[in-house]
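# Structural overview
Listed below are the residues making up each chain.
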Amino acid sequence: MKGLGVYVLKRIGQALLIMIGITLITFILLYLLPADPARQIAGRSATAETVENIRRQLGLHLPFYEQYLRYLSSLVQGDLGRSYIQKTEVTELILSRLPATLLLMAGAISCELLIGLPAGILAAVKRGKFADNAIMILSFVGVSAPQFVVGILLLYVFAVQFGWFPIGGYGTAAHLVLPALTLGLLGGGWYSRMMRSSMLDVLRQDYIRTARAKGAGQMRILTVHALRNAILPIIAMIGLDVGIFMSGVVVVESVFGWPGIGQLAWQAIQRVDIPIIMGVTLVAACFIVVGNFLADVIAPFVDPRIELK
Amino acid sequence: MKKLLAALTFSAFLLAPVPGTVTLADDIKQGGSMIVTYKDDVSTLDPAIGYDWQNWSMIKSLFNGIMDYKPGTTELVMDLAESMDIASDGLTYEFKLRKGVKFHNGRELTADDVKYSIERTVNPKTLSPGAGFFGMIAGFDDMTAGKTETLSGITVVDPHTVKFTLSRPDATFLHVLAINFAFVVPKEAVDKWGTDFGKHPVGSGAYTMDEWTLGQRVVFKRNPDYYRAGLPKMDQITFEVGQEPLVALLRLQRGEVDILGDGIPPAKFLEVKNDPANANLIVEGGQLHTGYVTMNVKMKPFDNKKVRQAVNMAINKDRVVRIINGRAVPANQPLPPAMPGYDTSYKGYAFDPAKAKALLAEAGFADGFDTELYAMNTDPNPRIAQAIQQDLAAIGIRAEIKSLAQSTVIDAGGKADQAPMIWSGGMAWIADFPDPSNFYGPILGCGGAVPGGWNWAWYCNQDIDGNATKADGMTDPAKAAERIDLWRSVFIDIMDEAPWAPVFNEQRFTMHSERLGGPDAIFVDPVHIPVHYDTVYAKDAQ
């Protein structure tokens, strides 16, 4: 695996370039916002001098490139700045919320696999029959339903009406179920479709026919022969999910009062708290880059025909 | 200088320590807890910095100032002060502080702390949004300019006496001492935590800070050494943050939480309000808020008084109130009804399109004219602007709506020749303290009619301004009623000139759980939002 080391280095280099590009684009977008952070912090009763004083202390009076370079140089030292509204270090805010988001992602990945894989296998086995059609329609609904609606619906039915789960919040395993399910339904839909087609491919292979000819039972063929091959391409996709979830957590965390970085981002956007928006964007970008990287590195292990270049 | 002991009439309600709560303290037991929900994380609990609806009343429960308000009212009472002397020229205020008031760290609060705290707010390094409130204290300009680190106008006479010297008489000074920016903080705690003091607040208030888990909850515990016996009522208040208002409502209906900090979500408002089961749980009250349309008197044709009066008659305020599901009452003058100085006998301009059209014709605009109406672009403001646009169209005024981001509209309002009309929704003036003065200077006075100012009508009337200055100079507590009368006339005079069309005053609707008790007034307290945390009590602890 001599090639792997070179490959990883190349990818890290690319990732750094991507991250710098992201800081630049985000910075430009936030710079162009018609909101004046200094005035926002100062409040409406502040005198013009107070606003100007705040602007200077935050370096907002500097030209764009100078502000950007200042941001980059502190970023290199691991300093994401201080929140305008919450008056706390952004790093501290993000670190305090990261565990919740990671837990939610782990829960969501479990949910989507638990839903998607069995459904996909069943659909493949019952191809063309009622179960197949029903699963494919449901998966279509799962993929297309807005998560805000799904979240509120699950909350209303299972927490408010039936009282099986707490109405939002964080802390116990029971708190995790509904938000993880909301996120997992989307992925579950995708996975059932992928699993179905992957399974169908494998079931058409010669070795399956051989196994059948040798008299292996349906169950044995599915679990021992087919599943092990069919599931490999799916595993490689999990890395990509991490990126997809980054947008989902903003909505789901807000609906369920889940104290993760998605909720932090949503609050910051509403209050134009620029340092937090920058920080969360960077962290989200990191997630996506790392997720894609993992997906690429895992791929050749599960399918030796894929080569890293 | 002849000193004037606070007049008897004034001291009758001023010197008694918060009469309304005395009965409460006797009858109601302490104990129990409550949960308040909020969507946003608490930003900071530093009294020099915090300036939003969420932290404003939380800070009031952690800290004390020299002055305060009687719970549920706009009536000033003494808090840390036990007596005061106001000089007859209104330029010197001397306060004797209560003895034995302790900070949460156990140290006794003294006059030095009062001086330090206000200087900290005014110091430009603190970046306090409230520094400007203290402009009347002598030495303010020098400190703002960075020439000194202290305010020459605050003198520590002895450990329990502090004297303020003002550079101009200002009847609002006692109100200024009651706002959060004047609250007293211990220097050693501020030095210890630095910029993180807002996350580790140490005050002398009814509650102490117990736990702050970022993104999840803030917990207050009862201060067992609080100087006011019998207060606060609750043993613990938990503020749960990150709660969507809709989800918070569901939880309240299930009995899991006690107060909706962000109010009833608009989408559910009518349903919840009209449900008879909620009749005892929703308290309605006034706010120190007015929503209005400004007409820029420096831009044609709004330089013509008749045009401005016609606009006042053209707007169907009842319909606008219906658009926001009745969460407001129609307004006919700048002051909100909850504000001292509101004129209950004044009827304003009645809705009368025919008369408005006639007035417009008299002014030479029989065929109407084209203009622009600026409004903030978040719901419900564009819908309200459209309703006003239709009303104006009915009398021939063709207004184009400019629906823009908040800061863009504020910028446009602060330029003399940009925005002919602005609907103030989302940016409307909400008083910082319950005194009519706070509703004049920045938004209707000559001082606010400057580039970047908040007087978006650019209306400046030297006669009215003179009366306003005169009213604010009436610092003698015995003349308080006379002063309010003068303010009342100021706002009625303004209405005759009609630089604004007042549209409505927003109402507050606080929803609480069955288990919370207390007079209705503390649930719609004009200064404490959503509830007066120190006096609300738990029925299950009785």
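Residues numbered from 1 in each chain as written. Chains lettered and ligands numbered in written order. Predicted model: local features only at pLDDT ≥ 70, side-chain atom pairs only at ≥ 80, totals over all residues. Heavy atoms only, no water.

### Examining the pairing of strand β6 (residues 92–97) of chain B
All names here are of chain B. Most of β6 is tucked away: 5 of the 6 residues are buried. Across 5 bridges, strand β5 (residues 81–87) lies against β6 in antiparallel orientation. Across the sheet, residue Ser83 finds its bridge partner in β6, namely Lys96. Between the antiparallel neighbours β5 and β6 lie 4 residues, among them Gly90 with a positive phi of about 75°. (Buried < 20%, exposed > 50% of the residue type's maximum accessible area, 1.4 Å probe, protein only. Helix = DSSP H or I, 4+ residues; strand = E, 2+ residues; numbered from the N terminus. Pairing = 2+ DSSP bridges.)

### Notes on the domain arrangement of chain B
Residues and elements named next belong to chain B. Taken domain by domain, chain B holds domain 1 (35–63 + 193–284 + 508–542), domain 2 (65–184) and domain 3 (289–506). The interface is formed by 14 residues belonging to domain 2 together with 14 residues belonging to domain 3. Roughly 1000 Å² of surface becomes buried between domain 2 and domain 3 when both sides are summed, with 71% attributable to carbon and sulfur atoms. For domain 2, the biggest contributors to the area lost against domain 3 are Thr74, Ala171 and Thr172; these three give 40% of the whole. Our count for the contact surface shared by domain 2 and domain 3 stands at 0 salt bridges. When the residues that make up the side of domain 2 that touches domain 3 are grouped by side-chain class, the tally is 8 nonpolar, 4 polar and 2 charged. (Domains from an automatic or database assignment. Contact = heavy atoms within 4.5 Å. Buried area = accessible area lost by both parts, 1.4 Å probe. Salt bridge = Lys/Arg side-chain N within 4 Å of Asp/Glu carboxyl O. Nonpolar A, V, L, I, M, F, W, Y, C, P; charged D, E, K, R; others polar.)

### Brief notes about the environment of Ala46 of chain A
When you line up the elements, Ala46 of chain A lands in the loop between α2 (37–42) and α3 (48–57). Exposure remark for Ala46 of chain A: the relative accessible area of 17% places this residue in the buried category. Apart from the residues lying within four places of it in its own chain, the contact partners of Ala46 of chain A are Val51 of chain A together with Pro129 of chain B.

### As for the pattern of salt bridges
Residues and elements named next belong to chain B. Throughout the structure, instances matching the rule amount to 41 salt bridges over all chains. The residue Lys39 makes a salt bridge to Asp40 at a minimum N-O spacing of 3.6 Å. Among the ionic pairs, Arg308 bridges to Glu497, the shortest N-O distance being 3.6 Å. Of this pair, Arg308 sits in helix α10 (residues 305–314) while Glu497 sits in helix α17 (residues 480–497), and the two are 189 residues apart along the sequence. A residue is classified by how much of its surface remains accessible, and Glu497, at 22% relative accessible area, is partly exposed. Taken together, the shared-partner salt bridges in this structure form one network comprising Glu240, Arg251, Arg254 and Glu256.

### Things to note about the state of the cysteines
Residue and element names in this part refer to chain B. Under the definition given, this model contains 1 disulfide over all chains. One disulfide in the model links Cys446 with Cys460; its S-S distance is 2.0 Å. Linking Cys446 and Cys460, the disulfide has an S-S dihedral of approximately 95° and is accordingly described as right-handed. Highlighted residues: Cys446 in the loop between α15 (441–444) and α16 (462–473) and Cys460 in the loop between α15 and α16, separated in sequence by 14 residues. (Disulfide = S-S within 2.5 Å.)

### A short note on a nonpolar patch on the surface
Nonpolar side chains collect at one region of the surface, where Leu24, Ile28, Tyr31 and Leu32 of chain A lie side by side and expose about 370 Å² of accessible area between them. Its location among the elements puts Tyr31 of chain A in helix α1 (residues 2–32). (Patch = residues over 30% accessible without salt bridge, like charges linked within 9 Å, V, L, I, M, F, W, Y side chains within 5 Å. Areas by Shrake-Rupley, 256 points an atom, 1.4 Å probe, with all protein chains shown as cover.)

### Let's talk about unusual backbone geometry
Negative phi values dominate among residues other than glycine, just as trans dominates among peptide bonds. The peptide bond linking Asp379 of chain B to Pro380 of chain B adopts the cis configuration, its omega dihedral lying at 0°. Among the secondary structure elements, Pro380 of chain B is positioned in the loop between β16 (369–376) and α13 (381–394). For Lys87 of chain A, which is not a glycine, the phi torsion comes out positive at approximately 55°. Counting through the fold element by element, Lys87 of chain A comes out in the loop between α4 (64–76) and α5 (90–125). Backbone geometry places Asn325 of chain B, a non-glycine residue, at a positive phi of 55°. Its location among the elements puts Asn325 of chain B in the loop between α11 (317–323) and β15 (328–330). Here Asn325 of chain B falls in the partly exposed class, since its relative accessible area comes to 31%.

### Topic: the domain arrangement of chain A
Residues and elements named next belong to chain A. For chain A, the domain assignment lists domain 1 (2–76) and domain 2 (97–302). Each partner contributes residues to the interface: domain 1 has 18 residues there, and domain 2 has 15 residues. Buried area between domain 1 and domain 2, both sides added, is near 1400 Å², and the carbon and sulfur share of it is 84%. In terms of surface lost to domain 2, no three residues of domain 1 exceed Arg11, Met19 and Leu30, which account for 35% of the buried area on that side. Applying the counting rule to domain 1 against domain 2 returns 1 salt bridge. Between Asp296 and Arg11 there is a salt bridge, with the nearest N and O atoms lying 2.4 Å from each other. Connecting domain 1 to domain 2 are 1 residue pair in polar contact (both at pLDDT 80 or more). (Polar contact = N/O pair within 3.5 Å; in protein donor to acceptor, adjacent residues only side chain to side chain.)

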